[in-house]
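Close look at the chain arrangement
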Amino acid sequence: MIDKLFKNLHPNSKAFFNSNNGYLIELLDSSVKQVIEHRKRENTKIVPGQPEQILNCFSVDIEKIKVVIIGQDPYPQPGVATGDAFVCLGKHQPSLQILIRELEKEYGLNDLALSFDGSLQSWKDQGVLLLNSSLSCDEFKPGSHTNYWKSFMESLVKELSDLKLSRESMDSIVFVLLGKQAQSFKPYINADWHYIIERFHPAAETYGANKFIGFFKETNYYLCQHQQSMINWFPAQIVEIS
């Protein structure tokens, strides 16, 4: 099963999971076994639909990560979740629509959604890791696997924080924690080394009065102040990033 999970991983991401005597792999294996047992016991279908999609967000080169955006669960609708938080290969889902809306507000754009690439591949290519707080859930039941992934995710976030010590650049990371589930991982991030942004999850707007506001300029300001290249959040547009 681990071989399937690692199918789409960048070689440096595979090395990251194999470091520290492979203890992340042990936790990952435990989480996956719990998910499989749950699926058999409850006779449910899970998302993402294919094992190799679960860690798809680590197809990026982990040595070049500048920003880690942590959301909630994968999209619970069948055939939508890709293993990357917020990514939509088809119709834009509400969470992504709200992200795009805030991009428009921050940069004074209009109709960005008409040309916006929902794969978010350009973000990933620039060093943005799009991580879900729970790497799977039952179809139509967000939160159904949260406890299965908890130990693995806590250790994973700590290891992402500790990257500052192990990679040659020693660059800090901007951690963007969207929603209470993501913010539960804050204690595992070294705030002396990294910059942490906390926001409501975009989906919170669809359930109540918690309005999501953007993090895009704040992220770039930190990167600029620390001599790292800023993220071009909309490469298809001719806009001066800041």
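Quick caveat, the model's predicted, so the values are computed rather than measured.

Section: the nonpolar core
Across soluble globular proteins, nonpolar side chains show a tendency to be buried alongside one another. Counting 39 residues, the largest nonpolar core has Phe-17, Leu-55, Phe-58, Leu-131, Leu-156 and Leu-160 as its most contacted members. For this core, the secondary structure elements donating two or more residues are α1 (2–5), α2 (11–18), α3 (23–42), β2 (67–70), β3 (128–131), α6 (146–166) and β5 (174–178). Ranked by residues supplied to this core, first place goes to α6 with eight residues. Each residue touching Leu-131, except ones within four places of it in the same chain, is listed here: Cys-57, Phe-58, Ile-69, Ile-70, Gly-71, Ala-85, Met-153, Leu-156 and Leu-160. In terms of nonpolar packing, the next biggest core, distinct from the first, is built from 36 residues, Tyr-75, Leu-96, Leu-130 and Val-176 among them.

Points about the sheet that holds β2
As summarised here, the arrangement of the four strands in space is β3-β2-β5-β6, forming an open sheet in which the pairing is parallel. Of all strands in the sheet, those bounded by a partner on one side alone are β3 and β6 (195–199). For this sheet the average axis-to-axis angle between neighbouring strands, irrespective of direction, equals 15°. Of the pairings in the sheet, the one linking β2 to β5 comprises four bridges and is parallel in character. Paired with Ile-69 across the bridge in β5 is Val-176. Across the sheet, α6 touches β2, β3 and β5, and the angle it forms with β3 is around 170°. Each of β2, β5 and β6 touches helix α8 (residues 216–225); the most contacted strand, β6, lies at about 175° to it.

Digging into the pairing of β5
Counting buried residues along β5, five of its five residues qualify, which places the element largely inside the surrounding structure. On β5, burial covers both faces: Val-174, Val-176 and Leu-178 on one face and Phe-175 and Leu-177 on the other are all buried. Looking at chain direction, β5 and β6 are connected through five bridges and run parallel. Across the sheet, the residue bridging to Leu-177 is Glu-198, located in β6.

Reading the values: the criteria
Each chain has its residues counted from 1, following the order in which its sequence is written. Where totals are concerned, whole chains, interfaces and linings use all residues; where local detail is concerned, this predicted model gives features only for residues with pLDDT of at least 70, and gives and counts side-chain atom pairs only at 80 or more. Processing note: side-chain calculations cover all non-hydrogen atoms of the structure and skip hydrogens and water entirely. Residue types Ala, Val, Leu, Ile, Met, Phe, Trp, Tyr and Cys, when buried and joined through side-chain atoms within 4.5 Å, form a set referred to as a nonpolar core. Burial status follows relative accessibility: with a 1.4 Å probe on protein chains alone, a residue under 20% of its type maximum counts as buried, one over 50% as exposed, and anything between as partly exposed. A run of H or I in DSSP becomes a helix once it reaches four residues, and a run of E becomes a strand once it reaches two; helices and strands are each numbered from the N terminus. By definition in these notes, contact holds between two residues if any of their heavy atoms fall within 4.5 Å. We treat two strands as partners when DSSP finds at least two bridges between them. Here, axes are lines fitted to C-alpha atoms. For helices the fit covers the stretch in contact, and angles between N-to-C directions go from 0 to 180 degrees.

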